[in-house]
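# Summary of structural features
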Amino acid sequence: MARLFDLRWIIALLFGVYGVVLLVLGIGFESDQDRVKTGGFNVNLWVGIGMLVFTALMATWALVRPVQIPEAQIPEEQK
């Protein structure tokens, strides 16, 4: 139950959703006018990739170091 409310998973989910949206916008919906505004840099694509990398790091961190609840804090009926 503690894993359900782990903030790292919530952050990874939000960054993952926004990263996929930006990646799709950067690949399929980038216009020449958008590139002129950013100096020839496809911002949506690169920020989307960065957000997906951050998502992978957060998810890896949550898997490698899961939340540990001390035994003294667990009620007797849940043991």
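Since the structure is predicted, the reported quantities are computational estimates derived from the model, not experimental observations.

## Considerations on the overall build of the protein chain
- Along the protein chain, the regular secondary structure elements total three helices and zero strands.
- Going from the N terminus to the C terminus, the protein chain shows its helices and strands as α-α-α.
- A buried classification covers 19% of the 79 residues belonging to the protein chain.
- Taking as baseline every contact in the protein chain between residues at least 6 positions apart, the subset at least 24 positions apart corresponds to 70%.
- For the protein chain, the accessible area works out to roughly 6200 Å², and carbon and sulfur atoms hold 69% of it.

## Topic: the UniProt feature "transmembrane region" (unreviewed entry) in the protein chain
- Summarizing the sequence annotation, UniProt attributes the feature "transmembrane region" (unreviewed entry) to residues 7–29 and 41–64 in the numbering used throughout.
- Taken end to end, residues 7–29 has its terminal C-alpha atoms 32 Å apart, with 96% of it in helix and 0% in strand.
- Taken end to end, residues 41–64 is 92% helix and 0% strand, and its first and last C-alpha atoms sit 35 Å apart.

## Some words on helix 3 (residues 43–64)
- Its 22 residues place the ends of helix 3 31 Å apart at the C-alpha level, agreeing with the 32 Å of an ideal helix rising 1.5 Å per residue.
- Every buried residue of helix 3 is accounted for by Leu-45, Gly-48, Met-51, Thr-55, Met-58, Ala-59 and Ala-62. Seen end-on, helix 3 carries its buried residues on one side only, within an arc spanning 150°. Opposite the buried face of helix 3, by more than 90 degrees, sit the exposed residues Leu-57 and Val-64.
- Close packing links the buried residues of helix 3 with helix 1 (7–28).

## Some thoughts on helix 1
- Compared with the 32 Å implied by 1.5 Å per residue over 22 residues, the 32 Å span of helix 1 between its first and last C-alpha is a close match.
- Taken together, the buried positions of helix 1 are Arg-8, Ala-12, Gly-16, Gly-19 and Gly-26. For helix 1, the angular spread of buried residues about the axis comes to 105°, placing them on one side. Among the exposed residues of helix 1, those oriented more than 90 degrees off its buried face are Leu-7, Leu-13, Tyr-18 and Gly-28.
- Where the residues of helix 1 are buried, they touch helix 3.

Reading guide: rules and limits
Residues numbered from 1 in each chain as written. Predicted model: local features only at pLDDT ≥ 70, side-chain atom pairs only at ≥ 80, totals over all residues. Heavy atoms only, no water. Helix = DSSP H or I, 4+ residues; strand = E, 2+ residues; numbered from the N terminus. Buried < 20%, exposed > 50% of the residue type's maximum accessible area, 1.4 Å probe, protein only. Contact = heavy atoms within 4.5 Å. Areas by Shrake-Rupley, 256 points an atom, 1.4 Å probe, with all protein chains shown as cover. UniProt positions renumbered as here; feature names shortened; annotations may be inferred. Expected span 1.5 Å × (residues − 1). Arc of directions from axis to C-beta.

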